[in-house]
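# Structural description and commentary
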Amino acid sequence: MQKKELLYEGKAKKVYRTTDPQVYIVSYKDDVTARNGLQRGIVVGKGTLSNRLSNRLFQLLEAQGIPTHFVQEWSDRETVVKKVEMIPLEVIVRNVAAGSLSKRLGFPEGTVLEQPVLEFRYKNDQLGDPMVNASHISALHVAAQEELEHMARLSLQANQILREFFASVQVDLIDFKLEFGRTPEGSLLVADEISLDTCRLWDSETHEKLDKDRLVQDLGGAQEAYGNMRRRLGFPQ
């Protein structure tokens with residue numbers, strides 16, 4: 001198999017066709033963006049960290065019965081993935097109040113939620129990725145009701161798995177987002193990425209923020225935070 005032409009370039013990665021029509025190659029970039037690209041920065045080595053972390057987490061989910069698009073790691077910042085039709089929804093799972101949840105509902109940041117909160121957002125940069133409910137999704141014809149229910153179940157299952165994983169390196173999983181794709185046969189797979197770009201992570205003791213909120217909230221130290229997570233996870237520089 002060989003990499004062919006660029007199919008798509010997003011804010012955090014590039015997707016290439018390959019000589020195998022059933023798979024693509026994803027290449028992760030060092031760019032860090034927030035607020036739909038209005039804030040931008042570079043974290044050196046972020047692409048390799050996103051690649052390795054996503055792949056480890058995809059394999060962890062696969063081992064516990066949650067299907068993903070992961071095929072194999074191709075290089076330090078490239079991965080072979082199954083070709084899927086991406087569903088234009090983000091499924092957000094929240095364990096602790098932070099970010100937009102605190103702003104919308106008035107929860108003080110850091111409030112531990114009695115049970116995970118599940119949200120759907122419609123992926124559309126021009127509209128600002130608005131939050132949507134099942135009726136909106138039905139009206140948009142982007143996913144069937146049974147698909148929504150399946151995505152919700154898989155996301156809550158993934159939450160338990162990912163929380164335990166991050167707790168093992170003394171990190172709290174505050175919230176995260178998943179995206180899903182459909183195979184040609186119509187099966188749902190977890191796709192896109194699971195990384196510091198898609199997870200809100202705090203040190204379990206100090207509550208230091210270890211993700212791209214360093215950029216979003218103008219806290220500085222994004223390079224150091226990503227390096228901190230790299231060391232905790234035991235990834236090479």
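Our subject in this report is the structure included herewith. Remember, predicted model here, so these are calculated numbers, not experimental data.

Conventions and cut-offs
Residues numbered from 1 in each chain as written. Predicted model: local features only at pLDDT ≥ 70, side-chain atom pairs only at ≥ 80, totals over all residues. Heavy atoms only, no water. Pairing = 2+ DSSP bridges. Helix = DSSP H or I, 4+ residues; strand = E, 2+ residues; numbered from the N terminus. Axes fitted to C-alpha atoms, helices over the stretch in contact; angles between N-to-C directions. Contact = heavy atoms within 4.5 Å. Buried < 20%, exposed > 50% of the residue type's maximum accessible area, 1.4 Å probe, protein only. Salt bridge = Lys/Arg side-chain N within 4 Å of Asp/Glu carboxyl O. Expected span 1.5 Å × (residues − 1).

Pairing between the strands of a sheet comes from backbone hydrogen bonds, and it takes one of two forms, parallel or antiparallel. Strand order in the open sheet made by the five strands is β1-β2-β3-β7-β6, with antiparallel pairing throughout. Sheet topology places β1 (3–9) and β6 (70–73) at the edges, where each strand pairs with a single neighbour. Ignoring strand direction, the axes of neighbouring strands in this sheet form an average angle of 30°. Across five bridges, strand β3 (residues 23–28) lies against strand β7 (residues 78–82) in antiparallel orientation. Pairing of serine 27 across the sheet is with glutamate 78, part of β7. Across the sheet, helix α1 (residues 46–63) touches β3, β6 and β7, and the angle it forms with β6 is around 130°.

As a further point, take the pairing of strand β9 (residues 89–96). In terms of burial, β9 is a largely internal element, eight of the eight residues being buried. Examined bridge by bridge, β9 and strand β10 (residues 112–122) share seven bridges and lie antiparallel to one another. Bridge pairing in β10 places isoleucine 92 opposite glutamate 119. As paired elements, β9 and strand β12 (residues 171–182) share four bridges and run antiparallel to each other. Counted as the bridge partner of valine 93 is phenylalanine 176 from β12.

Before going further, it helps to examine the pattern of salt bridges. Taken as a whole and assessed by the stated rule, the structure comprises 22 salt bridges. A salt bridge links arginine 104 to glutamate 119, with the nearest nitrogen and oxygen atoms 2.8 Å apart. One end of the pair, arginine 104, is in helix α2 (residues 99–105); the other, glutamate 119, is in strand β10, and 15 residues separate them in sequence. Accessibility expressed as a relative area gives 37% for arginine 104, which makes it partly exposed. For glutamate 119, a relative accessible area of 5% corresponds to the buried category. What emerges from the salt-bridge pattern is a single network uniting Lys13, Glu90, Lys123, Lys177, Glu179, Asp192 and Glu193.

This part is about α1. Taking 1.5 Å per residue, 18 residues should reach 26 Å; α1 reaches 26 Å between its end C-alpha atoms and fits that length. By the criterion of burial, α1 is predominantly enclosed, with 13 of the 18 residues buried. Just downstream of α1 lies glycine 65, where phi reads positive at about 90°.

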